[in-house]
Amino acid sequence: MRIAWFCIPAHGHTNPTLGLVKTLTDAGHQVWYFSFEEFREKIERAGATFIGCDGYDFEMEDKGNADRVGKDKVYATELLVSSTLALDEMTSRVIGEIRPDVVVSDSVAFWGKLAAMKHGLPYVSSTTTFAFNKYSAKYMQESAWDIARMLMAMPRINKQLKRLREKGYPVKSLLDIVQNDNETNTIVYTSGYFQPCSDTFSDRYHFIGPSIRPIMKPVEKTADKTIYISMGTVNQNRQFYRNCINVLAPTGWQVIISMGTNTDHFDDLPENIQVYESVDQMAVLSIADAFITHCGMNSASEGLYFGVPLVLFPQTPEQDAVAKRTEELGAGVRLKSISEADVMEALTAVINEPQYKAGAEKVSESFKNCGGAAEAKEFIELIAGQ
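(A) A look at the overall build of the protein chain. Broken down by element type, the protein chain carries 14 helices and 13 strands. In the protein chain, buried positions account for 51% of the 386 residues. When contacts within the protein chain are restricted to residue pairs at least 6 apart in sequence, those whose partners lie at least 24 apart make up 64%. Accessible surface for the protein chain amounts to roughly 17,600 Å². Of this, 50% is attributable to carbon and sulfur atoms.

(B) View of the packing of aromatic side chains. Summed over the entire model, instances satisfying the criterion amount to 10 aromatic pairs. Taking the centre distance of 5.2 Å and the plane angle of 40 degrees together, the rings of Phe 240 and Phe 313 count as tilted. With a gap of 73 residues between them, Phe 240 in helix α8 (residues 238-248) and Phe 313 in the loop between β12 (310-312) and α11 (317-328) connect regions that are remote in the sequence. Take Phe 240 and Phe 313: they sit in the same class, and that class is buried. Arranged with centres 5.5 Å apart and planes meeting at 80 degrees, the rings of Tyr 305 and Phe 306 form a pair that is edge-to-face.

(C) Focus on the sheet that holds strand β1 (residues 2-6). Overall, parallel pairing links the 7 strands, which are arranged β3-β2-β1-β4-β5-β6-β7 in an open sheet. Each end of this open sheet is capped by a strand with a single partner; those strands are β3 (49-52) and β7 (205-207). On average, each strand axis in the sheet is inclined to that of its neighbour by 20 degrees, with strand direction left out of account. As judged from the 4 bridges shared by strand β4 (residues 102-106) and strand β5 (residues 123-127), these two strands associate in the parallel manner. Of the residues in β5, the one forming a bridge with Ser 105 is Ser 125. Along the sheet face, helix α1 (residues 11-26) touches β1, β2 (30-35), β4, β5 and β6 (185-188) and points at about 160 degrees away from the line of β2. Where helix α14 (residues 372-383) meets the sheet, its contacts fall on β1, β4, β5, β6 and β7, and the angle it forms with β6 comes to roughly 170 degrees.

(D) Spotlight on the pairing of β4. Of all the 5 residues making up β4, 5 are buried; the element is thus mostly covered by neighbouring parts of the structure. A two-sided burial pattern is seen for β4, the buried positions comprising Val 102, Val 104 and Asp 106 on one face and Val 103 and Ser 105 on the other. Pairing of β1 with β4, which is carried by 4 bridges, proceeds in the parallel orientation. The residue of β4 that forms the bridge with Phe 6 is Ser 105.

(E) The arrangement of the nonpolar core in detail. Ranked by size, the top nonpolar core spans 46 residues in total, and within it Ile 3, Trp 5, Phe 6, Ile 187 and Ile 380 carry the most contacts. Take this core: its biggest share by element is 5 residues, from helix α4 (residues 73-98). Those residues in contact with Ile 187, other than ones at most four positions away along the chain, are Leu 20, Val 124, Ser 125, Ser 126, Thr 127, His 206, Ile 208, Ala 376, Phe 379 and Ile 380. In this structure, Tyr 241, Ile 245, Val 350 and Tyr 356 belong to the second largest nonpolar core, which totals 28 residues.

(F) Just the side chain of Ser 191, in detail. Summarising the element assignment, Ser 191 is placed in the loop between β6 and β7. Residue Ser 191 is classed as buried on the basis of its relative accessible area of 2%. When residues no more than four places from it in sequence are discounted, the contact partners of Ser 191 are Phe 207, Gly 209, Ser 366, Phe 367 and Cys 370.

Here is what the cut-offs are and how they apply
- Residues numbered from 1 in each chain as written.
- Predicted model: local features only at pLDDT ≥ 70, side-chain atom pairs only at ≥ 80, totals over all residues.
- Heavy atoms only, no water.
- Helix = DSSP H or I, 4+ residues; strand = E, 2+ residues; numbered from the N terminus.
- Buried < 20%, exposed > 50% of the residue type's maximum accessible area, 1.4 Å probe, protein only.
- Contact = heavy atoms within 4.5 Å.
- Areas by Shrake-Rupley, 256 points an atom, 1.4 Å probe, with all protein chains shown as cover.
- Phe/Tyr/Trp six-rings, centres within 6.5 Å; stacked < 30°, edge-to-face > 60°.
- Pairing = 2+ DSSP bridges.
- Axes fitted to C-alpha atoms, helices over the stretch in contact; angles between N-to-C directions.
- Core = buried A, V, L, I, M, F, W, Y, C linked by side-chain atoms within 4.5 Å.

Take a look at the structure:
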């Protein structure tokens, strides 16, 4: 089986796919993975052939501005169209050369979905967030202002879609591109239990569970309680970290903070608190008693996989959806503010009140009962007619 796989330049969208890609290549299937140079090494390590999407004229600067893409639909549409058209000649040529049996594309790497439409190929959506339909969309509620702004922007959006049609892409509306329906073959990297409204999705949706990589280097547990704090690479709120350090210093608990590429340094740290640029997150979570997280889908899933109750501090609408679902299932507590008192109150709750650990364990069990990469491989083979 020959597979063309498309992804956006984001670790949170690439990493969950790599276990499945390796399962496919180990089974003798060929995967051509369209991505960006930063991800070449890990993609090739999974056994795929890397196809670089760097260096094309995307017409717009700052294409890595994920925040703006999430909030500004006109910007997002223009970026989508310019990306698709910039890559059009290359993707058409490579698809013509490799003659794939199926296209697998990240749910927001829309140029992959559009390539499948243009070339009449079977398509599978790889969804690293929750799957969204009219029922689960309530978890990412839009305000009346968001909807009004979208309506005002429609003429500009339609102008962009016309550019796609002129290049042979059969697109009638923006929804054709951005919305999966119950006829869309979809792999979702979570469980049916954690997925909101999972009973409203058809059997074309396979909830295969999160992709959890092995622990590379175990971390020693040095105290009765271990607190892990990671806000991803986006949150650079120095005061938040300072408040956590201040309130946790006297506890004697083991505190491990992963700060990403934050250039700030904290001097005179107490012995029980360690700050790193990055850690082996699986190793730390395997010994943690609580996890303060920004609720990125991967981080939250990894914490819950290890049965760790979460302190929820979402920064984006997508992360807020993860936080809402975690709260609903009793596996975490939302942080009211970054004040020292609120940090301590939330941590004390998830550590001392057993229902939060029980809620996290229930989600963990649902993840471990999923079919994983093996189920996804069989599904892709079925769609490709193998």
